[in-house]
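Architecture at a glance
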Amino acid sequence: GNSVTQMEGPVTLSEEAFLTINCTYTATGYPSLFWYVQYPGEGLQLLLKATKADDKGSNKGFEATYRKETTSFHLEKGSVQVSDSAVYFCALSEGKLIFGTGTRLQVFP
Amino acid sequence: DSGVTQTPKHLITATGQRVTLRCSPRSGDLSVYWYQQSLDQGLQFLIQYYNGEERAKGNILERFSAQQFPDLHSELNLSSLELGDSALYFCASSPNHGQGQGINTEAFFGQGTRLTVV
């Protein structure tokens, strides 16, 4: 079945560092891909999405490109802030959302 | 604010008991999804309802059941509770059933209900 694999955390960075969180997927069709973020004590919020190959989703300085040839949707940000500390989930849509295990990001001043 | 409302926010109950979690979807959304988030299992899809009908089923235990009412709100019923059922339960909604070419859409999540079984 369809699945999502993302890198283990935690990812620990200093403020203004470059962020990459890897995500790869397995799918039989052409699903939409998403990144969700969960701040402490809160629900999941949609961060960005891409609906077809080569689409780039972007929001709040975060970007991810739908790469069909490598079945990947890596999340990047050029300069992280302490306020970006959260758990990030990669997901694909096949009607319902299939989530990866989440990657905790900790950013220190 | 996602527009999805879940009640209650916290629930503490004893083993063997039954609880009901409630979800009101965003205005106009026809699909409701239930997810369980626990430390060891991550985010697990439980069940989806679309316009009152069960649409998809995931790793939902037989002790658990759900329904979606004509006003589109949904309830998740958990019975014969065990310690291992302690988790965060999220509801999400989306405008359509999300299947088929070109109609994959994101889901909007509520704040969750934290269930503690003691």
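Look above for the structure.
Residues numbered from 1 in each chain as written. Chains lettered and ligands numbered in written order. Predicted model: local features only at pLDDT ≥ 70, side-chain atom pairs only at ≥ 80, totals over all residues. Heavy atoms only, no water.

For chain A, the helix and strand inventory stands at zero helices and twelve strands. Shown N-terminal to C-terminal, the secondary structure of chain A runs as helices and strands in the order β-β-β-β-β-β-β-β-β-β-β-β. Against the globule reference of 13 Å for 109 residues, chain A gives a C-alpha radius of gyration of 13 Å, in line with a compact fold. Across its three principal axes, chain A shows a C-alpha extent of roughly 40 × 25 × 20 Å. In chain A, which comprises 109 residues, the proportion classed as buried is 48%. Across chain A, the fraction of contacts at a sequence separation of at least 24, relative to all contacts at a separation of at least 6, is 55%. Total accessible area on chain A is roughly 5,100 Å²; 47% of this is exposed by carbon and sulfur atoms. The distance from the centre of the 9 positive side-chain charges to the centre of the 11 negative ones in chain A is 6 Å. (Helix = DSSP H or I, 4+ residues; strand = E, 2+ residues; numbered from the N terminus. Rg over C-alpha atoms; globule rule 2.2 N^0.38 Å. Buried < 20%, exposed > 50% of the residue type's maximum accessible area, 1.4 Å probe, protein only. Contact = heavy atoms within 4.5 Å. Areas by Shrake-Rupley, 256 points an atom, 1.4 Å probe, with all protein chains shown as cover. Lys, Arg positive; Asp, Glu negative; His and termini not counted. Charge placed at Lys NZ, Arg CZ, Asp CG, Glu CD.)

Overall, the coordinates contain seven salt bridges over all chains when judged by the stated rule. One salt bridge in this structure joins K52 of chain A and D55 of chain A, with 3.3 Å as the shortest N-O distance. Residue K77 of chain A pairs with D84 of chain A through a salt bridge whose shortest N-O separation is 2.7 Å. Each member of the pair, K77 of chain A together with D84 of chain A, is buried. If you follow the salt bridges from partner to partner, you end up with R63, E82 and D85 of chain B in one network. (Salt bridge = Lys/Arg side-chain N within 4 Å of Asp/Glu carboxyl O.)

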